[in-house]
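Descriptive analysis of the structure
Next come the chains, spelled out residue by residue.
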Amino acid sequence: MPRLTRRRLLQSLSAAALTPLAARAERKMIATEFFEVSDVEVHLTSLDPAHDGLRVVQLSDLHIGNGVPDGRIISAVREVNALQPDLVVLTGDFVTSKRDPLSRVPQLLEPIAAPRVAVLGNHDYWSGARELHDGLERIGVSVLQNENTAVRLKGVDFHVIGVDDSTTQHDDVDVAYRGAGKASRLVLTHTPNAASKLPAWEDVLCLSGHTHGGQWDVPRLTQGVFRTVGQPWYRGAYRVRGNQLYVNRGLGFGRGTRLPRINSDPEVTLITLRHREPV
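Okay, so let's go over this structure. Computed from a prediction, not measured in an experiment: that's the story for all the values here. (Residues numbered from 1 in each chain as written. Predicted model: local features only at pLDDT ≥ 70, side-chain atom pairs only at ≥ 80, totals over all residues. Heavy atoms only, no water.)

**Thoughts on the pairing of strand E9 (residues 185–189)**
In terms of residue burial, E9 counts as a mostly covered element, since five of its five residues are buried. Of the strand pairs in this sheet, strand E8 (residues 156–163) and E9 are connected by five bridges, and their pairing is parallel. Bridged to Ile161 within E9 is Val187. In this structure, E9 lies alongside strand E10 (residues 205–208), joined through three bridges in parallel fashion. In the sheet register, Leu186 faces E10, and the bridge partner there is Leu205. (Buried < 20%, exposed > 50% of the residue type's maximum accessible area, 1.4 Å probe, protein only. Helix = DSSP H or I, 4+ residues; strand = E, 2+ residues; numbered from the N terminus. Pairing = 2+ DSSP bridges.)

If you want it as structure tokens, here you go:
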């Protein structure tokens, strides 16, 4: 199965994108800084009742450097703190290439006040995974590379499982799950396809990014292109083998860059978790 690349996707969509399309604002748009706050509620039978109402904010695909102005990241971090989440998760692609300022990543993200957990993306591996890992760990971000951790929230352990990047073939689901608690599990992985490798029918939530929501989201066409290249989950909420998946559109690229977005505005996701009794 061919691997989806931004170049292949943009080539596939270029003809259709010549027709202007109106941007769809799903929820709250921070217009001056060009990102949207999506408010999502997820009901899980696997969630410990103590964590009902837990608020998780997801940031993804920041592409710090030429891919996104620092001001957008600074504004997004301010918005994250204003939302007062219980946990902040970061799902990879902090930079785009080795030419980007890797040391700037922890500087921009350090002001986040809530506990922070992260996984790396394919561009991070292509750019300097060790430097990014160490820089994030220095500011207190727990970077999971086929690992899991327990964060004490509302007096009960909340288990975060980090499946490493599958695009660069660093993922190992079995190792990532090893020793993780059974209740209140949240899976982080950069590429949505990794959700199909998780243990089935556990009703866990998996958060990912990678696709930029299509970057150019042309009705029906974009979905067809993604399916053709083996990536059927590219934006928003899905059910995958009895689990739940949310694909964040990311913050990087768009206005003021060489890779504009069409119908796929940059996104910060606020996820409220709800306990649901099994049927």
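From this point, the discussion proceeds with the structure in view.
**Notes on helix H2 (residues 70–83)**
The end-to-end C-alpha distance of H2, which contains 14 residues, comes to 20 Å, matching closely the 20 Å that a straight helix rising 1.5 Å per residue would cover. Taken residue by residue, H2 has Arg72, Ile73, Ser75, Ala76, Val77, Glu79, Val80 and Leu83 as its buried positions. Gln84 sits one or two positions beyond H2 and adopts a positive phi of about 50 degrees. (Expected span 1.5 Å × (residues − 1).)

**Some words on the sheet that holds strand E12 (residues 243–247)**
One open sheet accounts for six strands, arranged E7-E8-E9-E10-E12-E11; its pairing is mixed. Strands with a single pairing partner mark the edges of an open sheet, and in this sheet they are strand E7 (147–153) and strand E11 (236–240). Recorded for the sheet is a direction-independent mean angle of 25 degrees between the axes of neighbouring strands. Bridge count for E7 against E8 is seven bridges, and the pairing is antiparallel. What sits directly across from Thr149, in E8, is Val160. (Axes fitted to C-alpha atoms, helices over the stretch in contact; angles between N-to-C directions.)

**Quick look at the side chain of Thr167**
The residue Thr167 is located in the loop between E8 and helix H6 (173–177) in this model. On the accessibility criterion, Thr167 (17% relative accessible area) is buried.

**What to know about the pattern of salt bridges**
Under the criterion given, the structure shown has 11 salt bridges. As a salt-bridge pair, Asp70 and Arg104 come within 2.9 Å of each other at their nearest N and O atoms. Taken together, the residues Asp70 in helix H2 and Arg104 in helix H3 (residues 104–109) connect sequence positions 34 residues apart. What makes Asp70 partly exposed here is its relative accessible area of 28%. Of the residues examined, Arg104 reaches a relative accessible area of 26% and is grouped as partly exposed. (Salt bridge = Lys/Arg side-chain N within 4 Å of Asp/Glu carboxyl O.)

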